[in-house]
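Inside the fold
Okay, here's what each chain looks like letter by letter:
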Amino acid sequence: MSAGSSLRAEFIGDSPLRIWSLSTRERLSRQCRRLQARPDAEHAPRVLLLRADWVYDDAILRGLAQAAGDVALLTADGLCIAANVASEHGDAAAAAITAHQTPAMAKGLAPAQLADGYNDVLRKREPPFLMPLTADNLPAIERRVFGASYKGVTDLVTLYAWPAPARAVTRVCAQLGITPNQVTSASLVLVLVAMWMFWTGHYAWGLAAAWPMTFLDTVDGKLARVTLQSSKWGNVFDHGIDLIHPPFWWWAWIVGLSAAGLPLTQASLVLTVIVAGYVLQRIEEGIFIAGFGMDMHVWQRFDSRFRLITARRNPNLIILTLAVLAGRPDLGIVAVAVWTALCLLVHALRIVQAAWARRGGPLKSWLAA
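Since we're looking at a predicted model, the values are computed, not measured.

Structural notes on the sheet that holds strand β6 (residues 71-74)
Taken in spatial order, the five strands make up an open sheet running β1-β4-β7-β6-β8, and their pairing is mixed. Strands at the two margins of the open sheet, each flanked by one partner only, are β1 (7-12) and β8 (107-109). Averaged over all neighbouring strand pairs, the angle between strand axes comes to 20°, with direction disregarded. Pairing of β1 with strand β4 (residues 46-51) involves six bridges; the strand directions are parallel. Opposite Ile12, over in β4, you have Arg51 as the bridge partner.

What about the environment of Leu138?
By secondary structure assignment, the location of Leu138 is in helix α5 (residues 138-148). Aside from chain neighbours lying at most four places away, what touches Leu138 is Arg18, Ile19 and Leu133.

Digging into the pattern of salt bridges
Using the criterion set out here, one finds 15 salt bridges in the structure. Of the charged contacts in the structure, one is a salt bridge between Arg8 and Glu10, with a shortest N-O distance of 3.0 Å. Residue classification places Arg8 among the buried residues on the basis of a relative accessible area of 17%. Overall, Glu10 belongs to the partly exposed group, its relative accessible area being 25%.

Each value, and the rule that gives it
Residues numbered from 1 in each chain as written. Predicted model: local features only at pLDDT ≥ 70, side-chain atom pairs only at ≥ 80, totals over all residues. Heavy atoms only, no water. Pairing = 2+ DSSP bridges. Helix = DSSP H or I, 4+ residues; strand = E, 2+ residues; numbered from the N terminus. Axes fitted to C-alpha atoms, helices over the stretch in contact; angles between N-to-C directions. Contact = heavy atoms within 4.5 Å. Salt bridge = Lys/Arg side-chain N within 4 Å of Asp/Glu carboxyl O. Buried < 20%, exposed > 50% of the residue type's maximum accessible area, 1.4 Å probe, protein only.

Just distances and angles here, no functional claims.
Here it is as structure tokens:
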């Protein structure tokens, strides 16, 4: 069945504990709204019953909401903590779940039977979490919720350098009521500051703005996911900035070389290679998705590892930072152009290899295997 307006949400019990500054009922309400299951859907033919002293992975709730027939969610210890049943069975099912018993009319299912752990949006595979909400368990719950918000396939800076500080800053933002869009707005200011510094040849100052921008670009998405504040506008705002600003940074970097006394003799060629390469790589990614039904970077293990260093903003910033430390920002931008061209060729080759491999049947991500 669909989880549309035909589903009512009902929460059993409560907890005084807060997860990423959200009360347990508010967290469940936000999760259920994503499934279009609302407490006020009084005439819905089905009801989603959830104990409020447990924390549920979104994938488990989605699987439970979309399950066919009357089903109940069981923990590893066999305790029943949630169910999706016909509304006429709601009261009886709620009484059973209050006692941690499986409703008589429902089929008991384990979390793995409702969600397989593969997240295509975040490009990773991990077991969906289901955790009792206790004071002793709260730190582990918040770590697990934050970990679930992180992409599994991304660049090496985002994957290895940012998680610990991003979790700390995300916590502060959640406690202060700072919204993801406010964080994104701050990152946009840093985009413009970095561009101006690059344009005027003040590369160290530009990098001092660029790197915090990349950090905030990590924080806004994690804050949105752990506090369940993701929105269509926020997604467009964040990803629009991510998509548009890198070529402007590299253009400003090349312009600033004259002010720094290191003008390029082939500035137009370098800029063309970088910008065209960036655009064409995005087109290659689109071709891969359209042709093979998956993101290019999750096909095989090689693709996920290559995503760590492919010519995108953060790896390029590493090259440029090393070049500035060496006193040669001109050679840095040339290296970015060369690396962009090489990555473009690698991705083109992967498209050809994928087309060849598909002769044996549809492609499958190594993460989904």
